[in-house]
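Spelled out, the chains give:
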Amino acid sequence: MPATIIALAVSTLYIVFTVWLAHWLRLYATYFIEQPLVKSLFLEAIATAELCGACFELIIIADNWGVSMYAIYLFVLTVYWSMTWGDASACPYTHLEDMVLGNKSVRIAFLLIWAEFLGGIAVFKYIQVLWALEIVSTHKNRAFGDCTTDLQARPSLLRGCIMLRNVMTIPINSTRNTVVPVLIGALIECVATCICRVVSRVLGDLNPRFSTVIDSFVGTSLVVAGRREPPILFDGMKAFNYSGGYFNPALATSLKCGCLGTTFIEHVTVYWIGACVGSIASLRVYKMPFVQNFVEQRKEKIA
């Protein structure tokens, strides 16, 4: 059955309900938990569950109404989350950055990452319940059907080093078979994550009037670029024939780890190692003269 406006309304309702539920859980955790570390762990788990729960439904929207509709929803959600999550990030590499900068201990950083991992994994059962209702045709056979990865890895010259079978993130079209070597997928996640984090730090320093909107726009654009079916630029590859553009290890693991078409090692290589290396590299890139000169010039103009 074709996707209808009613089906889109149901998907929107599921997202709104998930966000509303997370809002109340966040209020309860803030009010009832007094120990700062425990509170932070709960808030990270809630934020990650909210992110992943919404993105599961964004899969439905992307598959049935296309990238443009998906981008609109993602942009609005990103702006909202930027204003409501507080110190929670729902993204593991932010804690690694804090650890490298000396702002967090190794113990606290990894406890927060573990909380995010658990929140992302646990929310799938909640999504299964919603999808199992099959209120609309777009949810039919989604709750218990096999999932497939979006980025299919092909054997490369490094086959002897890494077991390459089939390489993957949030699918735009789950029936599409995109062929990308594992290390290329990891490189895409790495570079895009680095760009995203540098832009966020620059905006944090400059604090322009619409910094939240600008940051959300940049993040959404990179994600959409990572999923869009690109034109052929050269033999055997397409313009970024991309990793799917998660740029968030917890999100990638919640949505696609264990799906058909990729091994656990391939998943970790692309979505954990790739993104985390890009995040840590962004700390160095941000300190480079051309970035600092840009920041200083913009500060002078603002002053």
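Residues numbered from 1 in each chain as written. Predicted model: local features only at pLDDT ≥ 70, side-chain atom pairs only at ≥ 80, totals over all residues. Heavy atoms only, no water.

- In the annotation of an unreviewed UniProt entry, the protein chain is listed under the name Aquaporin and assigned to Harpegnathos saltator.
- Taken from UniProt, the Subcellular location (unreviewed entry) comment for the protein chain reads in full: "Membrane".
- The record in UniProt for the protein chain states the following under Sequence similarities (unreviewed entry): "Belongs to the MIP/aquaporin (TC 1.A.8) family." (UniProt positions renumbered as here; feature names shortened; annotations may be inferred.)

1. Details of the packing of aromatic side chains
For step 1, the next point in the chain: Inspection of every chain in the model, using the stated rule, returns ten aromatic pairs.
For step 2, the next point in the chain: Note on W24 and Y28: the rings are 6.4 Å apart at their centroids and 40° apart in plane angle, and the pair reads as tilted. Here W24 pairs with Y28, and both are found in helix α1 (residues 5-32), just four residues apart, close to one helical turn.
For step 3, the next point in the chain: In this structure W24 comes out as partly exposed when scored by relative accessible area, which is 38%.
For step 4, the next point in the chain: An aromatic cluster is defined as three or more aromatic residues linked by ring pairs; in this entry it consists of W24, Y28, Y31 and F32. (Phe/Tyr/Trp six-rings, centres within 6.5 Å; stacked < 30°, edge-to-face > 60°. Helix = DSSP H or I, 4+ residues; strand = E, 2+ residues; numbered from the N terminus. Buried < 20%, exposed > 50% of the residue type's maximum accessible area, 1.4 Å probe, protein only.)

2. A word on the pattern of salt bridges
For step 1, the next point in the chain: Under the counting rule described, the total for this entry stands at five salt bridges.
For step 2, the next point in the chain: Between D98 and K104 there is a salt bridge, with its nearest N and O atoms 2.8 Å apart.
For step 3, the next point in the chain: Counted as one network, the salt bridges with shared partners bring together E97, R197 and R201. (Salt bridge = Lys/Arg side-chain N within 4 Å of Asp/Glu carboxyl O.)

3. What about the UniProt feature "transmembrane region" (unreviewed entry) in the protein chain?
For step 1, the next point in the chain: Those residues carrying the UniProt feature "transmembrane region" (unreviewed entry) are residues 6-29, 41-61, 67-85 and 106-127 in this numbering.
For step 2, the next point in the chain: Helix makes up 100% of residues 41-61 and strand 0%. Its end C-alpha atoms lie 30 Å apart.
For step 3, the next point in the chain: Structurally, residues 67-85 is divided into 95% helix and 0% strand, and its ends, taken at the C-alpha atoms, are 26 Å apart.

4. Overview of unusual backbone geometry
For residues that are not glycine, phi is negative in most cases, and the peptide bond is trans in most cases.
For step 1, the next point in the chain: Located in the positive-phi region is E134, a residue other than glycine, with phi close to 50°.
For step 2, the next point in the chain: Along the chain, E134 turns up in the loop between α4 (106-132) and β1 (151-152).
For step 3, the next point in the chain: For E134, a relative accessible area of 34% puts it in the partly exposed group.
For step 4, the next point in the chain: One non-glycine residue with positive phi stands out, namely F247, at about 55°.

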